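Listed here are the chains, written in short residue letters.
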Amino acid sequence: MTSRWPAPPLPLLPDRGLPVRLYDTATGFTVPTAPDRVARMYVCGITPYDATHLGHATTYIAFDLLNRAWRDGGHDVRYVQNVTDVDDPLLERAAATGRDWRELAGEQTDLFADDMVALAVLPPDSYVGAVDAIPLVVEATQRLLAAGHAYPLPGHERPEGGTEPDGDIYFSVHADPRFGSISGLDEASMIEVFAERGGDPERPGKKHPLDCLLWRVARPGEPSWDGGTLGHGRPGWHIECTAIALHHLGMTFDVQGGGSDLVFPHHEMGAAEGHLLAGSWPYARAYAHVGMVGLDGHKMSKSRGNLVLVSQLRRDGAEPAAIRLAILSHHYRSDWEWTPFALDRANLRLATWRAALAAGDSGPADEHLLLALRERLADDLDAPGAVKAVDRWAASQLAAPPSVPQDDRRHPVGAERLAGLAIRALLGVEV
Ligand code: ZN
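A brief look at the structure comes next. (Residues numbered from 1 in each chain as written. Predicted model: local features only at pLDDT ≥ 70, side-chain atom pairs only at ≥ 80, totals over all residues. Heavy atoms only, no water.)

1. Description of the state of the cysteines
Part 1 of the reasoning: With the rule as written, the count across this model stands at zero disulfides.
Part 2 of the reasoning: C212 carries a free sulfur, and the closest cysteine sulfur to it, the one in C241, is 12 Å from it. (Disulfide = S-S within 2.5 Å.)

This is the structure we're talking about:
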């Protein structure tokens, strides 16, 4: 298992938070989450070939809010995240820059962890690399093959020249009668999106254009591992997450999370594989997706190169709490544009909140703020609503005359204002 990053302090709050409702992509409804004491969440991790950009930060901060709200509500949270530390984009980047792919993956995984620590994101309980998960993927693929839900592809000539070897294993997506139920896309749209997002609808020999790769047999010059009866090779992407989620969380976990660009094909394919491996459904009770962050009119993406990196903002002197607050002023499901003003606004807001905290002591206003934050987060993680509640509380604190003489306003050692504890515990903003 990849070593996870250290956890930030998480203040304990009085009483209990509220049950969280979340918008479920599959049903289109806002649904209750986590009916049991143990709340289980899987959030798809990064492919470590380029540092954390604001799109990543927005995704992991959104699910961090859920993690915090669940804990505040008394749940034991089981949070699993993967790192796709061997995959085509990583190998291509390594080859293009003359680097060793392992070195590149290790360096970028460390940088991601540093960014998560700076942004006060609670670490997953299990943080699993694709390379570590290979035995799980091999076993899952063998079971799908044995059940007739997967098949090996014969070798063939590539249209662009060269040959593909025998034995890549593909998953028959339509073996799951519920295939399509997460994204709700029609087949033509699925094929189009599949091609755009790393799929290979036109690969000769497949039984259906949407069938996806489970195991890629070894090619010269590519890393490979012993796959037992599958031969040497490396895992496909979707099965990596499914095998890790089923092993570490078990079937029907509470929330499958990720960016909205993972709805199809990644979460659709992963759920279909999960349904067939477990022989039951649903794979997850809710599928939650985070909107895309744009820059200059385009979605921030590695392929376009229009990235704002968290590490670069930090090097330029941005306070991580301000980066986090700038992100939290947008609802997690909306698509939004990053502008340099976002940080200015967050800095101003942070200064106001800090001044308000210094202006008085815990009282009824702090208790009301705690209630408001819990209510807003329970309502589909309404972070902008929570931020506005803090703004209103801060304005009231700064407008009111100090309740005690100036000299006595310092807090006793170790006693922090309830408002400060609530902001830190629920929003993860260091005030
Ligand atoms: Zn995934």
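2. Focus on the sheet that holds strand β9 (residues 169-171)
Part 1 of the reasoning: The sheet built from four strands is open, its strands ordered β6-β9-β10-β11 with antiparallel pairing. Across the chains shown, the open sheet's two edge strands, defined by having one partner strand only, are β6 (150-152) and β11 (233-235). Between one strand and the next, the sheet's axes are offset by a mean angle of 20 degrees, whatever the strand orientation.
Part 2 of the reasoning: Pairing analysis gives three bridges linking β6 to β9, with the strands arranged antiparallel. (Pairing = 2+ DSSP bridges. Helix = DSSP H or I, 4+ residues; strand = E, 2+ residues; numbered from the N terminus. Axes fitted to C-alpha atoms, helices over the stretch in contact; angles between N-to-C directions.)

3. Brief notes about the packing of helix α6 (residues 237-248) against helix α7 (residues 263-278)
Part 1 of the reasoning: Interhelical geometry of α6 versus α7 gives an angle of 50 degrees and a closest axis separation of 8 Å. If you check the angle between α6 and α7, you find them oblique. Regarding α6 and α7, the two cross each other, and that crossing is right-handed. From α6, W237, H238, I239, C241, T242 and L246 reach across to α7, where they touch P265, H266, M269, G270, E273, G274 and L277. (Parallel < 35°, antiparallel > 145°, perpendicular 65-115°, else oblique. Left-handed = near helix turned anticlockwise from the far one by under 90°. Contact = heavy atoms within 4.5 Å.)

4. Some words on the sheet that holds strand β15 (residues 298-299)
Part 1 of the reasoning: If you trace the three strands from one edge of the open sheet to the other, you get β15-β14-β16, paired in mixed fashion. Each edge of the open sheet is held by one strand with a lone partner, namely β15 and β16 (336-337).
Part 2 of the reasoning: As judged from the two bridges shared by strand β14 (residues 293-295) and β16, these two strands associate in the parallel manner. Considered in β16, the bridge of G294 is made with E337.

5. Side note on the coordination of the zinc ion
Part 1 of the reasoning: For the zinc ion, the protein coordination sphere consists of C44 (SG), C241 (SG) and H266 (NE2), at 2.0 to 2.1 Å.
Part 2 of the reasoning: In terms of primary sequence, the donors binding the zinc ion are separated according to C-x196-C-x24-H. Of this pair, C44 sits in the loop between β3 (38-43) and α1 (54-72) while C241 sits in helix α6; the two residues are 197 residues apart in sequence, bridging distant segments of the chain.
Part 3 of the reasoning: Since its relative accessible area comes to 3%, C241 is described here as buried. (Donors = N, O, S within 2.8 Å, 3.2 Å for Na, K, Ca; no water. Buried < 20%, exposed > 50% of the residue type's maximum accessible area, 1.4 Å probe, protein only.)

6. Here's the deal with the side chain of T84
Part 1 of the reasoning: For T84, the position within the fold is in the loop between β4 (76-83) and α2 (88-97).
Part 2 of the reasoning: Of note is the side chain of T84, whose polar atom sits 3.2 Å from the side chain of N82.
Part 3 of the reasoning: Residue contacts for T84: discarding those within four places in its chain leaves I46, T47, P48, L90, A130, W237 and E240. (Polar contact = N/O pair within 3.5 Å; in protein donor to acceptor, adjacent residues only side chain to side chain.)

7. Looking at the nonpolar core
Part 1 of the reasoning: Ranked by size, the top nonpolar core spans 78 residues in total, and within it L54, W338 and L427 carry the most contacts.
Part 2 of the reasoning: Of all the elements, α1 adds the most residues to this core, at 10 residues.
Part 3 of the reasoning: The contact partners of W338, leaving out residues within four places of it in the chain, are L54, V293, G294, L295, M300, V308, L313, A326 and L343.
Part 4 of the reasoning: Counting residues in each nonpolar core, the second largest holds 26 residues, with V138, F179, L214 and A243 among its members. (Core = buried A, V, L, I, M, F, W, Y, C linked by side-chain atoms within 4.5 Å.)

8. Considering unusual backbone geometry
Part 1 of the reasoning: Looking along the chain, the bond that leaves F264 and enters P265 is cis, with omega of 0 degrees.
Part 2 of the reasoning: With respect to the helices and strands, P265 occurs in helix α7.
Part 3 of the reasoning: In this structure, the amide linkage connecting W281 to the following residue, P282, adopts the cis form with an omega of -5 degrees.
Part 4 of the reasoning: Within the fold, P282 resides in the loop between α7 and β13 (284-290).

9. Here we look at the packing of aromatic side chains
For any pair of aromatic rings, the description rests on two quantities: the centre-to-centre distance and the angle between the ring planes.
Part 1 of the reasoning: Taken as a whole, this structure holds eight aromatic pairs when the rule is applied.
Part 2 of the reasoning: For the pair W5 and F112, a centre-to-centre distance of 5.7 Å together with 90 degrees between the ring planes defines the contact as edge-to-face. In this pair, W5 is assigned in the segment before β1 (21-24) and F112 in helix α3 (residues 101-118), connecting sequence segments 107 residues apart. With respect to burial, W5 and F112 carry one shared label: buried.
Part 3 of the reasoning: Aromatic side chains F179 and F264 sit 6.3 Å apart centroid to centroid with 65 degrees between the ring planes, which places their arrangement in the edge-to-face category. (Phe/Tyr/Trp six-rings, centres within 6.5 Å; stacked < 30°, edge-to-face > 60°.)

10. Concerning the pairing of β3
Part 1 of the reasoning: With five of six residues buried, β3 is to be regarded as a mostly interior element.
Part 2 of the reasoning: Handedness of the crossover joining β3 and β4 through α1: right-handed.
Part 3 of the reasoning: Sheet analysis places β3 next to strand β12 (residues 253-259), joined by three bridges and oriented parallel. Residue M41 lies in a different strand from β12, and its bridge partner there is V255. (Right-handed = clockwise from strand over helix to strand, strands pointing away.)

11. Regarding helix α4 (residues 134-146)
Part 1 of the reasoning: Over its 13 residues, α4 runs 18 Å from end to end, which matches the ideal 18 Å to within 8%, given 1.5 Å per residue.
Part 2 of the reasoning: What α4 keeps buried is the set I134, V137, V138, A140, T141 and L144. Along α4, the residues classed as buried sweep out an arc of 170 degrees about the axis, all on the same side. Looking at α4, the residues exposed on the side facing more than 90 degrees away from the buried face are P135 and A146.
Part 3 of the reasoning: Positive phi shows up at G148, right after α4, with a value of about 80 degrees. (Expected span 1.5 Å × (residues − 1). Arc of directions from axis to C-beta.)

12. A closer look at α7
Residues spaced three or four apart along an α-helix face the same direction, because each turn holds 3.6 residues.
Part 1 of the reasoning: Helix length check: α7, at 16 residues, gives a terminal C-alpha distance of 21 Å against a target of 22 Å (1.5 Å per residue), a fit within 8%.
Part 2 of the reasoning: Most of α7 sits inside the fold, with 15 of its 16 residues counted as buried.
Part 3 of the reasoning: Note on α7: the residue one or two positions beyond its end, G279, has a positive phi of about 70 degrees.

13. With respect to the pattern of salt bridges
Part 1 of the reasoning: Taken as a whole, this structure holds 28 salt bridges when the rule is applied.
Part 2 of the reasoning: In this structure, D366 engages R417 in a salt bridge whose closest nitrogen and oxygen atoms are separated by 2.8 Å. Of this pair, D366 sits in helix α11 (residues 364-378) while R417 sits in the loop between α12 (383-399) and α13 (418-427), and the two are 51 residues apart along the sequence. Here the two residues D366 and R417 agree in accessibility, since each one is buried.
Part 3 of the reasoning: Between E416 and R424 there is a salt bridge, with the nearest N and O atoms lying 2.5 Å from each other.
Part 4 of the reasoning: We classify R424 as buried; its relative accessible area is 15%.
Part 5 of the reasoning: It is possible to trace a salt-bridge network through shared partners that takes in R158, E160, E164, D168, R203 and R219. (Salt bridge = Lys/Arg side-chain N within 4 Å of Asp/Glu carboxyl O.)

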